[in-house]
Amino acid sequence: GEDVEQSLFLSVREGDSSVINCTYTDSSSTYLYWYKQEPGAGLQLLTYIFSNMDMKQDQRLTVLLNKKDKHLSLRIADTQTGDSAIYFCAESGPLNDYKLSFGAGTTVTVRA
Amino acid sequence: DGGITQSPKYLFRKEGQNVTLSCEQNLNHDAMYWYRQDPGQGLRLIYYSQIVNDFQKGDIAEGYSVSREKKESFPLTVTSAQKNPTAFYLCASTITSGLTDTQYFGPGTRLTVL
């Protein structure tokens, strides 16, 4: 089965950029996703990238995809205290499978 | 407002009792999912259903059961056979005819077994 890996913790100073990294194993994944989870809440879709793209930018968020190395990253510019949360990377499965494989999540702590 | 609702938000049960967690969506999504979340372990798939009256086991189905009698509803029963049921349970849904397989999540139910 697919295996998605992320580092567990990231601490960043307010106003700096955060970079969250993820590696995945299924080279046939069509889409890769980033979700955000605030304490005690469900997951909120932040952004996704199609596998034939290298980069996607959406306001403060930049997603980079290195398909050769199966590496995905999420950069948050000008990190704010409201960005403190758990961030999950997920990859789609085979076509028509409609299942996602999630990483364990990276807990981002923003310090003043 | 369209969305996914899970109830209750917090649930307490005694050991040995079965308990049913509710998940309802009004997004007209075809597929629905149940995940279990434990600290530091991410999300693990319990059961999923791509169509009414059909469902499949996920990675950790033992001790759980589901039904899908209506498109909008996918209740999860945590049975007394589940060895360690205390966890945060998340329901999700997706449309299977869309461009992506983005899953949308409910707010979750925290189950504590005493």
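Calculation criteria
- Residues numbered from 1 in each chain as written.
- Chains lettered and ligands numbered in written order.
- Predicted model: local features only at pLDDT ≥ 70, side-chain atom pairs only at ≥ 80, totals over all residues.
- Heavy atoms only, no water.
- Contact = heavy atoms within 4.5 Å.
- Buried area = accessible area lost by both parts, 1.4 Å probe.
- Salt bridge = Lys/Arg side-chain N within 4 Å of Asp/Glu carboxyl O.
- Polar contact = N/O pair within 3.5 Å; in protein donor to acceptor, adjacent residues only side chain to side chain.
- Helix = DSSP H or I, 4+ residues; strand = E, 2+ residues; numbered from the N terminus.
- Buried < 20%, exposed > 50% of the residue type's maximum accessible area, 1.4 Å probe, protein only.
- Pairing = 2+ DSSP bridges.
- Axes fitted to C-alpha atoms, helices over the stretch in contact; angles between N-to-C directions.

(A) Up close: the interface of chain B and chain A. Each partner contributes to the interface: chain B provides 22 residues, whereas chain A provides 21 residues. Taken together, both faces of the contact between chain B and chain A bury some 1800 Å²; the carbon and sulfur share is 55%. Inspection of the chain B/chain A interface yields zero salt bridges. Where chain B touches chain A, the interface holds eight residue pairs in polar contact (both at pLDDT 80 or more). Counting residues per element, the ones that place at least two in the side of chain B that touches chain A are β4 (31-37), β5 (43-51) and β9 (87-94) of chain B. With four residues, the top contributor of residues to the side of chain B that touches chain A is β5 of chain B.

(B) Summary view of the pattern of salt bridges. All names here are of chain B. Enumeration over the complete set of coordinates arrives at six salt bridges over all chains. Where K71 meets D30, a salt bridge forms, and the shortest distance between an N and an O atom there is 3.6 Å. Separated by 41 residues along the polypeptide, K71 in the loop between β7 (64-66) and β8 (76-78) and D30 in the loop between β3 (19-25) and β4 bring together distant segments of the chain. Residue K71 is classed as partly exposed on the basis of its relative accessible area of 25%. The shortest N-O distance in the salt bridge between D38 and R36 comes to 2.7 Å. No difference in accessibility class separates D38 from R36, as the two residues are buried.

(C) Representation of the sheet that holds strand β6 (residues 55-58) of chain A in the model. Reading across the sheet, the five strands line up as β1-β3-β8-β7-β6 (chain A) and stay open at both edges, with antiparallel pairing between neighbours. What marks the edges here is a single partner per strand, and that holds for β1 (5-6) and β6 of chain A.

(D) Structural detail: the pairing of strand β5 (residues 43-50) of chain A. Here seven bridges tie strand β4 (residues 31-37) of chain A to β5 of chain A, and the two strands are oriented antiparallel to one another. Paired with K36 of chain A across the bridge in β5 of chain A is Q44 of chain A.

(E) Quick peek at the sheet that holds strand β1 (residues 4-7) of chain B. Residue and element names in this part refer to chain B. Strand order in the open sheet made by the four strands is β1-β3-β8-β7, with antiparallel pairing throughout. Strands with a single pairing partner mark the edges of an open sheet, and in this sheet they are β1 and β7. Each strand of the sheet is rotated relative to its neighbour by a mean of 20 degrees, with strand direction disregarded. By the bridge criterion, four bridges tie β1 to β3 in an arrangement that is antiparallel. Residue pairing for β3: T5 is matched across the bridge by E24.

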